[in-house]
Amino acid sequence: MTNKIALTYSALTKFQSCPRSYKYRYIDCLVPKRVSKALQIGSKIHQCLATLYDTGKMGNITENEFSMDETLMMLAMLSGYVSRYTPEQFKMIETEKVFKSPIINPATGHKSLSFDMSGRVDGIAKIGDNFYLVEHKTASIATQSYLERMWSDFQITLYSYHIQKHYKIKGVIYNVLVKARLKRKRNETDHTFYDRLRKKYDDPAMFLREEIYLDRNVFDSMLRDVWDITQAILWAKRNNAFPKNLNHCYRWYRECEYGPLCRSHDSTAVLSDGYEKQIPNIELEENDGNNKSAQKPDTSENQLF
Ligand code: SF4
């Protein structure tokens, strides 16, 4: 069978968390029209870090989508990051690495005819002879519990398994950049506000790194779980059965992105006002080449690494 569906970690966990939200995203192909500012900033910082590790220079972040205060915060964050991690502790081998590999039925050893496993990792780094997945995150606050829920053991195992034909992964490096909560004072100039932000980013607490090591003994049970989820998805599609999980609507203190649509029982008015169509897994379609060409490195910034 051709045209297998690319199944991502995101899709797997969406289905497990709430089958209805899986349907909205992966069957109906819906996304909210309004993307939160926090997500936009996170996405821009990811792009800038990829450019930084690829070229040694920061990307251009002075774009219309961000206010001047947001732009200054991101500039100060990236400048502080360069200072904090120069010289870098690891060698970045690849950025924005996309992988795709078959999903295997553990009982028969046969490949799934319906799904392939796919995903994108922020980076592959090398320390000594060991390879690590690198995951960048921007966060409002970086506590131990935040780190613990950033990547589950399931995701580490899943990604490491599927990327192992390229690299034998030893673990994951979480690379967290904290968003400064400083507000511009009355009559404060751009320059003075930037200086205050930049000073804030001299605080080591604004950056956090943690290494988590992979347990290869759990590959078998992970493969079993993934296979079982694919069978549950196929059953749900055949029977058009995607129940709601009301316990998941406000997980992590944030409303589910499909909350308004779901609460309104799929009102057409809410649908047309708040949602638009977008192909699933668009993050895999936007290949790194495209992302990088969209970045115009700002050569006035410091060379890194
Ligand atoms: S609002 Fe709740 S029930 Fe509805 S899709 Fe989201 S998580 Fe599921």
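Placed above this text is the structure.
Here the structure is a predicted model, which means the values were calculated and not measured.

Attention now goes to the overall build of the chain. From N to C terminus, the chain includes 12 helices and eight strands. Considering the chain as a whole, with its 305 residues, one finds that 28% of them fall into the buried category. For the chain, the share of sequence-separated contacts (at least 6 apart) that also reach a separation of at least 24 residues comes to 77%.

Attention shifts here to the site of the ligand. As a matter of local geometry, the ligand sits amid Cys18, Arg20, Ser21, Lys244, Asn245, Leu246, His248, Cys249, Cys256, Tyr258, Gly259 and Cys262. Partitioning the shell around the ligand into residue classes produces six nonpolar, four polar and two charged.

Residue placement: Pro280 occurs in the loop between strand S8 (275-277) and helix H11 (282-285). What makes Pro280 partly exposed here is the crowd of 19 C-beta atoms within 10 Å. Sequence separation between Pro280 and Leu7 is 273 residues, and the spatial gap between their C-alpha atoms is 9.5 Å. When sequence neighbours within four positions are dropped, the list of residues in contact with Pro280 reads Arg25, Tyr26 and Cys29.

Another aspect to go through is the nonpolar core. Membership of the largest hydrophobic core comes to 29 residues, with the highest contact counts inside it found for Ile124, Tyr132, Leu133 and Ile169. For this core, the secondary-structure elements that each account for two or more residues are helix H1 (9-17), helix H2 (19-27), strand S4 (111-127), strand S5 (130-139), helix H6 (153-163), strand S6 (169-178) and helix H8 (219-239). The element that contributes the greatest number of residues to this core is S4, accounting for five residues. Leu133 has contacts with Val121, Ile124, Tyr159, Ser160, Ile169 and Val172, leaving out every residue within four places of it along the chain. Among the nonpolar cores identified, the runner-up in size contains 23 residues, and Ile41, Tyr53, Met77 and Tyr81 belong to it.

Here strand S1 (residues 5-7) runs beside S4; their pairing, made up of three bridges, is parallel. Bridging from a neighbouring strand, Leu7 pairs with Met117 of S4. Between strand S3 (residues 91-104) and S4, which follow one another and run antiparallel, lie six residues, and Gly109 among them has a positive phi close to 80 degrees. As paired elements, S4 and S5 share five bridges and run antiparallel to each other. By the bridge assignment, Ala125 is partnered in S5 with Tyr132. The antiparallel pairing of S4 with S5 creates a hairpin that spans two residues between the two strands, and Gly128 there sits at a positive phi of about 60 degrees.

Right, let's get into the packing of helix H4 (residues 68-84) against helix H7 (residues 190-200). Contact pair H4 / H7: the axes reach a minimum separation of 9 Å and the direction vectors enclose 40 degrees. Classed by the angle they form, the pair H4 and H7 counts as oblique. As for how H4 packs across H7, the hand of that crossing is right-handed. For the pair formed by H4 and H7, the contact residues are Met68, Leu72, Met73, Leu75, Ala76, Ser79 and Gly80 on the first element and Asp190, Phe193, Tyr194, Leu197 and Arg198 on the second. Here the contact of H4 with H7 is composed, by residue class, of eight nonpolar, two polar and two charged.

Along an α-helix, residues three or four positions apart point the same way, because every turn accommodates 3.6 residues. An ideal rise of 1.5 Å per residue puts 30 Å on 21 residues; H8 measures up with 30 Å between its terminal C-alpha atoms. Its buried side turned inward, H8 meets S1, H1, S3, S4 and H6. Count one or two residues on from H8 and you reach Asn240, which has phi positive near 45 degrees.

Criteria and cut-off values
- Residues numbered from 1 in each chain as written.
- Predicted model: local features only at pLDDT ≥ 70, side-chain atom pairs only at ≥ 80, totals over all residues.
- Helix = DSSP H or I, 4+ residues; strand = E, 2+ residues; numbered from the N terminus.
- Buried ≥ 20, exposed ≤ 12 C-beta atoms within 10 Å, placed from the backbone.
- Contact = placed C-beta atoms within 7 Å.
- Near = placed C-beta within 6 Å.
- Nonpolar A, V, L, I, M, F, W, Y, C, P; charged D, E, K, R; others polar.
- Core = buried A, V, L, I, M, F, W, Y, C linked by C-beta atoms within 7 Å.
- Pairing = 2+ DSSP bridges.
- Axes fitted to C-alpha atoms, helices over the stretch in contact; angles between N-to-C directions.
- Parallel < 35°, antiparallel > 145°, perpendicular 65-115°, else oblique.
- Left-handed = near helix turned anticlockwise from the far one by under 90°.
- Expected span 1.5 Å × (residues − 1).

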